[in-house]
Amino acid sequence: MTTQNWKILSLVGAALMPRPFFAAEALHPFTHQASIPVTAESATITFRKVKATRVFTTVSSTMDPDYCKDQQFRDPGGSMYCPYTRYDSPKPAYEVTYSFKDQPMASDEYGNGDFTFRVYFRPEELPPALRQALSAHKENRAELATYFQVTTSRPPTRTAAIDQANSTFCAGHYIDSNWTHNNPACQDRVVFKTVTKPSDYMTVRVDPVPPRLPVRDSTR
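Conventions adopted
Residues numbered from 1 in each chain as written. Predicted model: local features only at pLDDT ≥ 70, side-chain atom pairs only at ≥ 80, totals over all residues. Heavy atoms only, no water. Helix = DSSP H or I, 4+ residues; strand = E, 2+ residues; numbered from the N terminus. Buried < 20%, exposed > 50% of the residue type's maximum accessible area, 1.4 Å probe, protein only. Contact = heavy atoms within 4.5 Å. Areas by Shrake-Rupley, 256 points an atom, 1.4 Å probe, with all protein chains shown as cover. Salt bridge = Lys/Arg side-chain N within 4 Å of Asp/Glu carboxyl O. Pairing = 2+ DSSP bridges. Axes fitted to C-alpha atoms, helices over the stretch in contact; angles between N-to-C directions. Patch = residues over 30% accessible without salt bridge, like charges linked within 9 Å, V, L, I, M, F, W, Y side chains within 5 Å. Phe/Tyr/Trp six-rings, centres within 6.5 Å; stacked < 30°, edge-to-face > 60°. pLDDT = per-residue confidence, 0-100. Lys, Arg positive; Asp, Glu negative; His and termini not counted. Polar contact = N/O pair within 3.5 Å; in protein donor to acceptor, adjacent residues only side chain to side chain.

(A) Molecular detail of the overall build of the protein. Helices and strands together make up the secondary structure of the protein, namely five helices and 11 strands. Counting across all 220 residues of the protein, residues that qualify as buried make up 25%. Taking the contacts inside the protein whose residues are at least 6 apart along the sequence as the reference set, 76% of them involve residues at least 24 apart. Accessible surface for the protein amounts to roughly 16,100 Å². Of this, 54% is attributable to carbon and sulfur atoms.

(B) Local environment of the pattern of salt bridges. The full count for this structure, using the stated rule, is six salt bridges. The salt bridge involving lysine 51 is made with glutamate 95; its shortest N-O contact spans 3.8 Å. Residue lysine 51 is found in strand β3 (residues 41-62), and its partner glutamate 95 is found in strand β4 (residues 85-101); the two are separated by 44 residues along the sequence. On the accessibility criterion, glutamate 95 (9% relative accessible area) is buried. Between aspartate 114 and lysine 101 there is a salt bridge, and its shortest N-O distance comes to 2.6 Å. Residue aspartate 114 is found in strand β5 (residues 114-121), and its partner lysine 101 is found in strand β4; the two are separated by 13 residues along the sequence. The structure contains a network of salt bridges with shared partners spanning Lys51, Glu95 and Arg118.

(C) Fine view of the sheet that holds strand β2 (residues 33-37). The strand order across the open sheet built from three strands is β2-β11-β6, with neighbouring strands paired in antiparallel fashion. Each edge of the sheet is formed by a strand with only one pairing partner; in this case those strands are β2 and β6 (148-153). Direction aside, the axes of adjacent strands within the sheet are offset by 30 degrees on average.

(D) Summary view of a nonpolar patch on the surface. On the surface, Ile162, Phe169, Val190 and Phe192 cluster together to form a nonpolar patch covering roughly 380 Å² of accessible area. Here phenylalanine 192 lies in strand β10 (residues 192-198).

(E) Structural detail: the packing of aromatic side chains. For the coordinates displayed, the defined rule picks out eight aromatic pairs. Geometrically, the ring pair formed by tyrosine 98 and phenylalanine 117 is stacked, given 5.6 Å between the ring centres and 10 degrees between the ring planes. A residue pair is termed long-range when its members are at least 10 positions apart, and tyrosine 98 in strand β4 and phenylalanine 117 in strand β5 qualify at 19 residues. Pair check on accessibility: tyrosine 98 and phenylalanine 117 agree, each one buried. Here phenylalanine 100 and phenylalanine 117 contribute two aromatic rings whose centre-to-centre distance is 6.1 Å and whose plane-to-plane angle is 40 degrees, an arrangement assigned as tilted. Of this pair, phenylalanine 100 sits in strand β4 while phenylalanine 117 sits in strand β5; the two residues are 17 residues apart in sequence, bridging distant segments of the chain. Taken individually, phenylalanine 100 and phenylalanine 117 each receive the classification buried, so the pair is uniform in this respect.

(F) Representation of unusual backbone geometry. In this structure, serine 89 takes a positive phi of about 55 degrees despite not being glycine. Examined against the element boundaries, serine 89 turns out to sit in strand β4. Classification of serine 89 as partly exposed rests on a relative accessible area of 33%. Positive phi outside glycine occurs at serine 177, with the angle close to 70 degrees. Note on placement: serine 177 falls in the loop between β8 (172-175) and β9 (178-181). Owing to a relative accessible area of 69%, serine 177 belongs among the exposed residues under this scheme.

(G) Spotlight on the confidence of the model for the protein. Across the protein, the average pLDDT comes to 82, with 73% of residues at or above 70. Low pLDDT (under 50) marks residues 6-18, which in the prediction has five contacts with non-local residues, meaning those over four places away or in another chain.

(H) Layout of the side chain of aspartate 102. By the secondary structure assignment, aspartate 102 is in the loop between β4 and β5. Buried and unpaired, aspartate 102 has lysine 101 as its nearest opposite-charge partner, separated by 11 Å. Within the structure, the side chain of aspartate 102 is placed 2.8 Å from the side chain of threonine 39, a separation counted as a polar contact. If we skip the residues at most four places from it in the chain, aspartate 102 touches Pro37, Thr39, Ala40, Gly113 and Phe115.

Listed below in structure tokens is the structure:
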């Protein structure tokens, strides 16, 4: 087979190779909300910075993840279709960063308990005065912080729990750390119910402060 024929067959094979179908899903980066652990000290939530950026508004995922998993065997050089998730449709945005104090994580080398969260705004959602200050590089953090207000809440969540009153459990004992029924024919009957309890996370909402209207002189 000539080199030219081999190239033609390669191109035809690439064209006939099934391509994964990508389904697009909308992202919602402009909720103005973040979730932080309920153990966090809400009084320590502090404005840090705001900057212009771009955020993705859609994510596309292939409906055939096995395509990417097996791609290494079909084409050791890789494939333009893998990985099977990609982010699309970037939009202009402003990223606002806050810090807060919480219990240090076990993996925190310094154990200072400092954490951050970010929320995003469309440019038109921020007051013109703030956008002008940012474009002029007026990086006065205390002044920039006055353009935002922070509110916290702890909404209840619904979860499944064992209904002890309507469930029955077989008597048993531990053998080599394994729970074993005294009567091998006995079967546990576990009934679940939906309960409402306080969330393990606190919702933090950041909103732009409405521009102050000029005070009218009532003597005129």
